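In case you want the letters, here they are:
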Amino acid sequence: MQSINSRQQLNASYLYKRYGSWAVVTGASSGIGRDIALRLAESGLNLVLVARSKHVLEQMAVDWRDRYAIEAKVLAVDLSMDAANRIILEETQNLDIGLLVAAAGFGSSGAFLESPIEPELEMLHVNCRSLLELTWHFGRRFMKRGNGGIVLMSSIVGFQGTPFAAHYAATKAYVQTLAEALYVELAPMGIDVIASAPGPTNSGFASRAGMKLGMALNPEDVAQSTLKALGKKPTILPGFISKLLTYSLAFLPRWARVQIMGSVMRDMTSHSKV
C-alpha cells in the first residue's frame, strides 16, 4: 500500500509531465487560488501569480523560489480593469504556459435591488468576462501546443438560482456551463478542463460577500481535490459538504431548489452588499 507522501509525489509528477513547466494562477494571493498555486509549486511548476496584492505575491514568490527551486513571476493587476488581461497575455507570451487556473473572483449577498450596481458590474467582469477572455486566449495557445489544462472555479450555488446571492450565483452558473461544454469540446485537442464547485469555504470570500459561515471547507482541501480530478471529470464537488448540499437537492424540482437555497442564503447573509 502506497504511503500518502508517495501518492502525492506521483500526483506531482503527473502535473508536471502533463502540463509542462509554467502555470498561470489568478486570485493567487489568498484562499483557494493560493493553495492551488502552492500545490503547483510543490509539483515543480513555475508560476505566474496574478492578484491585486503585490506585496503578498512578492512574499510568496520569494518564499517558493527558495523552498521549491521554481521560477515565480508576479503580476499585480486588478481583473475588473480592461487592461488587466492584456498585461497578463503580454507578460506570458514568451513562457511555455501549459495550465491556467482562473481562481480570481468575488461575490456579494443580500437583496438584489438594495445593492449598488458598480460592484455588481465589477463582479461580472472578474467572474465572467476576464475568465472568458483568459480561457479563450490560453485555450488557443494550448491547442497549438497540443495539450494543456484549464481550471475554472464554479460553486454549488451555480446549479440553480440562489436568492440573496442572485447575481453571484448567476456568474457561477455561467462558469459551470462554460466548463462543462469545454470539457467535451477541447478534449480531442488534448486540453483538460474542469469546473471546481465547492460549497462554503474558509477564505476571504465570505467576509467580502457579507456572509456568515457555519460548516465550511478548507481551501487546501479544495485545491488538492481539484488538481487530483483535473483531466478525469468535468466537475468536482470538493469535500463532503459540497456533495451533501448538492446531492441532497438533486432530485427536487428546480423551483424547490431555488426556494431552499434562498432560505439557506437568507440565514447566511447580513442582507447587505459589500
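Owing to the predicted nature of the structure, the values given are computational and were not obtained by experimental measurement.

What counts and what doesn't
Residues numbered from 1 in each chain as written. Predicted model: local features only at pLDDT ≥ 70, side-chain atom pairs only at ≥ 80, totals over all residues. Heavy atoms only, no water. Helix = DSSP H or I, 4+ residues; strand = E, 2+ residues; numbered from the N terminus. Buried < 20%, exposed > 50% of the residue type's maximum accessible area, 1.4 Å probe, protein only. Contact = heavy atoms within 4.5 Å. Areas by Shrake-Rupley, 256 points an atom, 1.4 Å probe, with all protein chains shown as cover. Phe/Tyr/Trp six-rings, centres within 6.5 Å; stacked < 30°, edge-to-face > 60°. Expected span 1.5 Å × (residues − 1). Bend = angle between axes of the 7 residues up to and from the residue. pLDDT = per-residue confidence, 0-100. Pairing = 2+ DSSP bridges. Axes fitted to C-alpha atoms, helices over the stretch in contact; angles between N-to-C directions. Arc of directions from axis to C-beta. Salt bridge = Lys/Arg side-chain N within 4 Å of Asp/Glu carboxyl O. Patch = residues over 30% accessible without salt bridge, like charges linked within 9 Å, V, L, I, M, F, W, Y side chains within 5 Å.

1. Things to note about the overall build of the chain
So, point 1. A tally of regular secondary structure across the chain gives 10 helices and seven strands.
So, point 2. Within the chain, buried positions represent 51% of all 274 residues.
So, point 3. Residue pairs at least 24 apart in sequence account for 73% of intrachain contacts in the chain once pairs closer than 6 positions are excluded.
So, point 4. Surface summary for the chain: the accessible area is close to 13,000 Å², and the carbon and sulfur share equals 56%.

2. A look at the packing of aromatic side chains
So, point 1. Tallied over the full model, the rule gives two aromatic pairs.
So, point 2. Geometrically, the ring pair formed by tyrosine 14 and tyrosine 19 is edge-to-face, given 6.3 Å between the ring centres and 85° between the ring planes.
So, point 3. With a relative accessible area of 32%, tyrosine 14 lands in the partly exposed category.
So, point 4. Overall, tyrosine 19 belongs to the buried group, its relative accessible area being 0%.

3. Concerning helix α5 (residues 117–145)
Think of an α-helix as 3.6 residues a turn; residues three or four steps apart then line up on the same face.
So, point 1. Counted at 1.5 Å a residue, the expected span for α5 with its 29 residues is 42 Å, and the 40 Å between its end C-alpha atoms agrees.
So, point 2. A maximum bend of about 35° is found in α5 at histidine 125.
So, point 3. Backbone geometry just after α5 places glycine 146 at a positive phi near 95°.

4. A word on the confidence of the model for the chain
So, point 1. For the chain, per-residue confidence averages 86 on the pLDDT scale, and residues scoring 70 or more make up 84% of the total.
So, point 2. Across residues 1–10, confidence stays below pLDDT 50; counting only partners more than four residues off in sequence or on other chains, it has two contacts.
So, point 3. Across residues 270–274, where pLDDT falls below 50, the model places 22 contacts with residues more than four positions away in sequence or in other chains.

5. Side note on the sheet that holds strand β2 (residues 46–51)
So, point 1. Reading across from one edge, β3-β2-β1-β4-β5-β6-β7 is the order of the seven strands in this open sheet, with parallel pairing throughout. Sheet topology places β3 (72–76) and β7 (235–236) at the edges, where each strand pairs with a single neighbour.
So, point 2. Of the strands in this sheet, β5 (148–153), β6 (191–196) and β7 touch helix α6 (residues 166–185), which is tilted by about 150° from β6.

6. Let's talk about helix α3 (residues 54–68)
So, point 1. If you check α3, its first and last C-alpha atoms are 21 Å apart, about what 15 residues at 1.5 Å a residue would give, namely 21 Å.
So, point 2. Where α3 is concerned, the buried positions are Leu57, Met60, Ala61 and Trp64. Around the axis of α3, the buried residues are gathered within 105° of arc, so they sit on the same side. In α3, those exposed residues whose orientation departs by more than 90 degrees from the buried face are His55 and Asp66.
So, point 3. Looking at the buried side of α3, the elements it contacts are α2 (31–42), β2 and β3.
So, point 4. The first or second residue beyond α3 is alanine 69, which carries a positive phi of 55°.

7. Remarks on the pattern of salt bridges
So, point 1. Taken as a whole and judged by the stated rule, the model has six salt bridges.
So, point 2. The salt bridge partner of arginine 18 is aspartate 192, with a shortest N-O separation of 3.0 Å. Of this pair, arginine 18 sits in helix α1 (residues 4–19) while aspartate 192 sits in strand β6, and the two are 174 residues apart along the sequence.
So, point 3. Across the salt bridge formed by glutamate 91 and lysine 73, the nearest N and O atoms sit 3.2 Å from each other. On the criterion of sequence distance, the pair formed by glutamate 91 in helix α4 (residues 83–92) and lysine 73 in strand β3 is long-range, its members being 18 residues apart.

8. What to know about a nonpolar patch on the surface
So, point 1. Together, Ile117, Leu121 and Leu124 give the surface a local cluster of nonpolar side chains, amounting to about 270 Å² of exposed area.
So, point 2. For isoleucine 117, the location among the structural elements is in helix α5.
So, point 3. Accessibility expressed as a relative area gives 47% for isoleucine 117, which makes it partly exposed.

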